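# Secondary and tertiary structure notes
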Amino acid sequence: MGKNNFSNDTHYFRKKVDSQNGYALTFDDIICVPGFTNFDPVDIDIQTMIGPFSFKIPIFSAAMDTVTETEMAIQMALLGGLGVIHRNCPYEKQLMMVKKVKRARSFIVREVATVHPKDTDVQVKQKMDQFGVSGLVVLDDDDRVIGIVTARDLPYDQNQKYRVEEIMTKNPICSMDGISREEAQQKLYEIRKEKLPLVNDQNQLVGLITRKDLRPEFPDASKDKEGRLLCGLGISPNLPKNPFDLETFKKIDELCDIFFTDVADVYKSNDLTGIKEIMDITQTPIVLGNIGTFEAAERILTKFDFPEDKLIGLKVGMGSGSICITTIQTGIGAPTLFATAEVADAIQMYNPKIALISDGGFINSGDLTKAFAAGADVTMSGHFFAGCTESPGYIDTIGGRKVKVYRGMGSKEARSTGPYAFDRYANVKKLAEGVSDYVPFVGSVKGVLDQLCEGLKNGLVYGGARTIQEAKQIVIRKITHAGKIESSAHDLLSRK
Ligand code: XMP
């Protein structure tokens, strides 16, 4: 595929989905047609970018309380995507979840478990259990590193009592803070040790590197500069009102990588003003959403003075989620395919650096290819992931099938948790804008992502696109009801 041809046609994506002619098409209304393929399937690269962050897999899990908490966020990031933690909980809980994700895979541990030389072997054992580690750094009264004590140093004989200073390895080799991953690997290899304490120029402990954390088990993981997993978080468009929550929010801001405003329709002046206030006091870049039209994107990109380094993406789609009933209840909606194409044109016109996240409505892996052909840089789904092992909640059995609960954030059930996400909707009184139901249990996120990525990659091969950027040039055509039937399995005994 040659040079892109959307940069000089201001209606390129809208023409593709015919929104020009008054249509608001959805995934099942269109099909991507085959393109010329002059590369090998192994050359396909589905890497994508949002602001300064790059992701090997352009698929995120949604900020929903039956989809993304710590476990899902860790797994999504390890595999190359991103988990966006939900906001249907107190700020304290959000902080705890973000902390866990950021600590999960850092090659530098900053909160190191330590002991004093006068502590006993019993205290050592207790601390190891408490932190789930097999070695502790020994610090003197001035926080200087004087030893390391590991499980191997503990006596077999439980009746014999020892002080740490009697059993520790004295004066362990340390490195100065600021060491790179590669340097740390080399150093640990040279000294043939498991742990490398990091110190400042006073020999005081500032971190720890362990051999285990340097293992390249997840080569595709989405990581920050320190090697910690990337973490996304759904946030309100308004700053927390009480001072305690505000303090907690500021702590979250220090750790989190991307905020996603989690609002059904953010094209409201109050919300946009609230988001500007958030940007003024935080450092975390923000993906704004959701919106559904060219006009909304145009206004956000031209009339609002959002700092360039803070606004890094727009998230689109309204009422198309599998658990959404916003459109049924209110008559308003923007199918994800339509919204993607509308906003893609505005982004091309006003700020091509902004990433476009297509959110909700994906049922089959082929829908992902369609979203990228309509201009997306990333896709987000709750539906694909709610039934995974890593989503919150228990596996239930209904009629012999394993299932998990999946609920909309505007459902009565989600709202009963508390008022945390009430400002996600226009006006919360009695009207539910989401439902709660079951989805089949589908096993690990890895299995689900593997299957989705294979479908997407094969779609790119057929479409003749090597990358997500090239996928934007895949040709889209409308299909009829008959065409839709023909393009699924049909005329078989069980599929009439
Ligand atoms: P899928 O299709 O993956 O969609 O289930 C997930 C997206 O749906 C949005 N969402 C809602 N929309 N009412 C709505 O109208 C709701 O209760 C609701 N809960 C989630 C959200 O954008 C999510 O990413």
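Described below are features of the structure shown in this document. (Residues numbered from 1 in each chain as written. Predicted model: local features only at pLDDT ≥ 70, side-chain atom pairs only at ≥ 80, totals over all residues. Heavy atoms only, no water.)

## Here we look at the packing of helix α2 (residues 70–79) against helix α15 (residues 445–463)
- Between α2 and α15, the shortest axis-to-axis distance is 10 Å and the interhelical angle comes to 40 degrees. With respect to α15, the axis of α2 lies oblique. Of the two elements, α2 crosses α15, and the hand of that crossing is right-handed. Residues Met 72, Gln 75, Met 76 and Leu 79 of α2 pack against Val 445, Lys 446 and Leu 449 of α15. (Axes fitted to C-alpha atoms, helices over the stretch in contact; angles between N-to-C directions. Helix = DSSP H or I, 4+ residues; strand = E, 2+ residues; numbered from the N terminus. Parallel < 35°, antiparallel > 145°, perpendicular 65-115°, else oblique. Left-handed = near helix turned anticlockwise from the far one by under 90°. Contact = heavy atoms within 4.5 Å.)

## Let's talk about the side chain of Ser 236
- Position of Ser 236 relative to the elements: it lies in the loop between β13 (232–235) and α8 (243–255).
- Polar side-chain contacts of Ser 236 include one of 2.9 Å to the backbone nitrogen of Asn 238.
- Within the local environment of Ser 236, its side chain forms a polar contact with the side chain of Asp 423, the two groups lying 2.7 Å apart.
- Not counting residues within four places of it along the chain, the set of residues in contact with Ser 236 comprises Arg 87, Tyr 91, Ile 278 and Asp 423. (Polar contact = N/O pair within 3.5 Å; in protein donor to acceptor, adjacent residues only side chain to side chain.)

## Focus on the nonpolar core
- Core analysis: the biggest nonpolar cluster contains 114 residues, and Ile 50, Ile 258, Leu 288, Ile 291, Leu 314 and Phe 385 have the highest contact counts within it.
- Beyond its immediate sequence surroundings of up to four residues, Leu 288 is in contact with Thr 261, Val 266, Leu 272, Ile 275, Ile 300, Phe 306, Leu 311, Gly 313, Leu 314 and Lys 315. (Core = buried A, V, L, I, M, F, W, Y, C linked by side-chain atoms within 4.5 Å. Buried < 20%, exposed > 50% of the residue type's maximum accessible area, 1.4 Å probe, protein only.)

## A short note on the sheet that holds strand β8 (residues 145–150)
- What the four strands build is an open sheet, ordered β6-β7-β8-β9; its pairing is mixed. Two strands bound the open sheet, and with one partner strand each, they are β6 (114–115) and β9 (169–170).
- By the bridge criterion, two bridges tie β6 to strand β7 (residues 135–139) in an arrangement that is parallel. Of the residues in β7, the one forming a bridge with Val 115 is Val 138.
- Contacting β6, β7 and β8, helix α4 (residues 121–131) crosses the sheet at an angle of about 125 degrees to β7. (Pairing = 2+ DSSP bridges.)

## Let's talk about the site of the ligand
- Lining the immediate surroundings of the ligand are 24 residues, of which Cys 324, Thr 326, Asp 359, Tyr 406 and Gly 410 lie closest.
- Contact distances for the ligand include 3.5 Å between an oxygen atom and a side-chain N or O atom of Ser 381.
- The contact in question runs from an oxygen atom of the ligand to an N or O atom on the side chain of Arg 424, over 3.4 Å.
- The fraction of the free accessible surface of the ligand (520 Å²) that becomes covered by protein chains is 96%.
- Among the residues making up the shell around the ligand, the classes are represented as eight nonpolar, 13 polar and three charged. (Near = heavy atom within 4 Å. Areas by Shrake-Rupley, 256 points an atom, 1.4 Å probe, with all protein chains shown as cover. Nonpolar A, V, L, I, M, F, W, Y, C, P; charged D, E, K, R; others polar.)

## Structural notes on the pattern of salt bridges
- For the structure on display, the rule yields 27 salt bridges.
- Put simply, Glu 111 and Arg 103 hold a salt bridge, and the shortest N to O gap is 2.9 Å.
- The class of Arg 103 is partly exposed, set by a relative accessible area of 46%.
- Asp 142 is paired through a salt bridge with Arg 144; the nearest N and O atoms lie 3.2 Å apart.
- The partly exposed category is assigned to Arg 144, whose relative accessible area is 34%.
- Through salt bridges with shared partners, a single network forms among Arg 87, Asp 262, Asp 423 and Arg 424. (Salt bridge = Lys/Arg side-chain N within 4 Å of Asp/Glu carboxyl O.)

## Regarding the sheet that holds strand β20 (residues 401–407)
- Overall, antiparallel pairing links the three strands, which are arranged β19-β20-β21 in an open sheet. If you trace the sheet from one side to the other, it starts and ends with β19 (396–398) and β21 (436–440), each paired once. Each neighbouring strand pair of the sheet contributes to a mean axis angle of 55 degrees, computed without reference to strand direction.
- Where β20 and β21 come together, five bridges link them in antiparallel fashion. Looking at β21, one finds that Tyr 406 is bridged to Asp 437.

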